Amino acid sequence: MTTRIPRAAVAVDRGRWELLPLRFHRFGGDAILLTNLVGEHAFVTEQQFSAVLDGTCDDQAVLAELRAKHLIRLPGEQLPAELLAIKLRTRLRRLPDSTGLHMFVVTLRCEHTCRYCQVSRQSSARSEYDMTEEAAAKALRLAFLSPSPHLKIEFQGGEPLLNFPLVQWVTRQAKQLNEDYGKQLAFVITTNLALLDEQVLDFCSSEDIYLSTSLDGPQDLHNGNRRRPGQDSWQRTVDGIRAIQDQLGPDRVSALMTTTQASLDRAEEIIDLYASLGLQSVFLRPISPYGFALRQRGGAGYDVRRWLEFYERGLDHVISLNKRGVPMVETYAALIAKKMFSNDDPGYVDLTSPAGIGLGALVYNYDGDVYASDEGRMLAEMNDHTFRLGNVETSSYADIMLSEKLLLPLEQSLTLSAPMCSTCAFEPYCGADPVFHHATMNDFVGHKALSAFCQRNMGVFTAIFRRALDDPYARDLFWRWAYR
């Protein structure tokens, strides 16, 4: 019988190792984070790091961990490099599948007037802003040409329930088309739930449709952000969530919040509301720099530092709830944890390289225009058509996917070669957002030292790692999120 020898017991002679590609980040104090190409990581002290670099380290436990994490290798070893290549290929395995998410903007009409709305919403009577069946049919044909074996069709607006007959038609037509394509289909309606009724619930039940809504927090905060006649948006949203949970199941509805200036001191209240409604995840999203949200009266009167303070308080509260036996996930941290603590990549479009635009999602506007992302559509509402890839009436699938408007930002969005990204220890966990950088800096790459996207993500990565270092429970929780 062969005896398994612990890694630390396999002695590595002084100076007998080579560095594999790695980046490092100083956390302050005496902790230095080392990461490799696929995000495997280790923490060492300043003294240990210096000794590893100059070949004088004789701490066999440290050397064993660095070998196991593919940060160093012995001379002549080929397996570590081969394993790194396999793991990197695994992380990029979604690229050949191309676009899995297809968003149908079935109408621009909406009966809400949200302060931070990112599109030019239209009144409920303006039916000329509805997508037609003809445009939807052509959009569906394009969507099914994607090589992805999984297709998610997401109905957006405006308020998609104002054009509910088209939602029904597209759903049934997609299922009929899929008899020939054999893809795994999923459907989501993104709705404020104000118009939810038994007809919608019955249809979602029979067609296995999920619903996503916006819930900004307690009643006064939500109604202040999301205004509608009668100031009853919050009550309708809460009633709708409960109706979906009761009739369709607790996992058939999810909610998102947007952080406005009024939210910054209320992280705990917001999360507690989610928990009280039986929602087991919360996404602490910052406001986006598009449309009306750019105006201070739209709720954007805060900087990255203030949002990070809000986020860290919220993350700490989520951890505290879990310690007390209340299940809750902070969605953004969970997406990042999957990249930090596993060799999987969740494919979240803001955290992919090359960027997720086009490859991660396509948007079919009510008028047939096709955009590389929903944010690209929002820019078009501001008369910036940089990310308009074509129109369903005149463009083929090849025209759209091989458009220079898509290929150029994708080419420039590879973080492995982008300035500052290529040397950043957080690069394996991050991504590129050319739409954000174009909107804020008029450049697809952006100046990373000045980028709010970069500052925000580095702050979140640091917050997660600090808690994993300081709190064993938090580290175990992040591991569970990574593998859920």
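Heads up: the structure comes first, above all this text.
Not measured: the values here are computed from a predicted model.

Enquirer: Which parts of the structure should I look at to understand the pattern of salt bridges?
Expert: Pairs may arise between side chains of opposite charge once their charged atoms sit close together. Scanning all chains against the criterion turns up 25 salt bridges. A salt bridge links E65 to K69, with the nearest nitrogen and oxygen atoms 3.2 Å apart. A relative accessible area of 34% means that E65 is categorised as partly exposed. Judged by relative accessible area, K69 falls into the partly exposed class, the value being 24%. We note a salt bridge from D208 to R252, for which the minimum N-O separation is 3.7 Å. Remark: R252 occurs in the loop between helix 8 (233-247) and strand 12 (253-259) and D208 occurs in the loop between helix 6 (198-207) and strand 10 (209-214); sequence separation between them is 44 residues. Look at D208 and you get partly exposed, because its relative accessible area is 44%. Residues joined in a network through salt bridges with shared partners are E111, R228, D232 and R236.

Enquirer: Got a minute to help me understand the side chain of T352 in this structure?
Expert: Within the fold, T352 resides in the loop between helix 11 (331-341) and strand 16 (361-364). Taking relative accessible area as the criterion, T352 reaches 14% and is therefore assigned buried. Within polar-contact distance, the side chain of T352 engages the backbone oxygen of V349 at 3.2 Å. Among the polar contacts listed, one links the side chain of T352 to the backbone oxygen of P354, at a separation of 3.3 Å. Residues within four places of T352 in sequence aside, it is in contact with D345, G347, C430, G431 and A432.

Enquirer: Teacher, can you tell me more about the sheet that holds strand 2 (residues 23-26) here?
Expert: Two orientations exist for strands paired in a sheet by backbone hydrogen bonds: parallel and antiparallel. Pairing is antiparallel across the open sheet formed by three strands, whose spatial order is 2-3-4. Here the strands that pair on one side only, and so sit at the sheet edges, are strand 2 and strand 4 (41-44). Each adjacent strand pair in this sheet contributes to an overall mean axis angle of 25°, direction not counted. Across four bridges, strand 2 lies against strand 3 (residues 32-35) in antiparallel orientation. Across the sheet, the residue bridging to R23 is T35, located in strand 3. Helix 2 (residues 60-68) rests against strand 3 and strand 4 of the sheet, and its axis sits at about 160° to strand 4.

Enquirer: In this structure, what is going on with the packing of aromatic side chains? I would like to understand it.
Expert: Centre distance and the angle of the planes are the two values used to describe a pair of aromatic rings. As enumerated under the stated definition, the model contains 22 aromatic pairs in all. Judged by centre distance (6.5 Å) and plane angle (55°), the ring pair of F104 and F155 falls under tilted. Of the two residues, F104 sits in strand 6 (residues 101-105) while F155 sits in strand 8 (residues 150-156), which places them 51 residues apart along the sequence. Of the residues examined, F104 reaches a relative accessible area of 0% and is grouped as buried. The class for F155 is buried, based on a relative accessible area of 0%.

Enquirer: Would you mind going over the nonpolar core with me for this structure?
Expert: If you look at the biggest cluster of nonpolar residues, it comprises 120 residues, and the most contacted ones within it are F104, F155, L215, Y274, Y364, F478 and W481. Ranked by residue count, the leading element in this core is helix 10 (residues 304-323), at nine residues. Excluding residues within four positions of it along the chain, F478 makes contact with L315, I319, A337, F341, I464, R467 and A468. Of all hydrophobic cores here, the second largest spans 15 residues; its members include L34, A42, C57 and V62.

Enquirer: Would you explain the sheet that holds strand 8 in this entry?
Expert: The sheet built from nine strands is open, its strands ordered 14-12-10-9-8-6-16-17-18 with mixed pairing. Edge strands, defined here as strands with exactly one partner in the open sheet, are strand 14 (284-286) and strand 18 (388-391). The mean inter-strand angle of the sheet, taken between neighbouring strand axes irrespective of direction, is 25°. Both strand 9 (residues 184-190) and strand 10 contribute to a ladder of four bridges, which runs parallel. Bridging from a neighbouring strand, F187 pairs with I209 of strand 10. Packed on one face of the sheet, helix 10 meets strand 12 and strand 14 and runs near 175° to strand 14.

Enquirer: Honestly, the packing of helix 11 against helix 16 (residues 452-470) in this entry has me stumped. Any pointers?
Expert: When two helices pack together, their arrangement is given by the angle between the helix axes and by the axis-to-axis distance. As a packed pair, helix 11 and helix 16 sit with axes 11 Å apart at the nearest point and diverge in direction by 70°. Taken as axis vectors, helix 11 and helix 16 run roughly perpendicular relative to one another. Between helix 11, through Y332, A333, I336, M340 and F341, and helix 16, the contact on the second element is made entirely by N457, V460, F461, I464, F465 and A468.

What counts and what doesn't
Residues numbered from 1 in each chain as written. Predicted model: local features only at pLDDT ≥ 70, side-chain atom pairs only at ≥ 80, totals over all residues. Heavy atoms only, no water. Salt bridge = Lys/Arg side-chain N within 4 Å of Asp/Glu carboxyl O. Buried < 20%, exposed > 50% of the residue type's maximum accessible area, 1.4 Å probe, protein only. Helix = DSSP H or I, 4+ residues; strand = E, 2+ residues; numbered from the N terminus. Polar contact = N/O pair within 3.5 Å; in protein donor to acceptor, adjacent residues only side chain to side chain. Contact = heavy atoms within 4.5 Å. Pairing = 2+ DSSP bridges. Axes fitted to C-alpha atoms, helices over the stretch in contact; angles between N-to-C directions. Phe/Tyr/Trp six-rings, centres within 6.5 Å; stacked < 30°, edge-to-face > 60°. Core = buried A, V, L, I, M, F, W, Y, C linked by side-chain atoms within 4.5 Å. Parallel < 35°, antiparallel > 145°, perpendicular 65-115°, else oblique.

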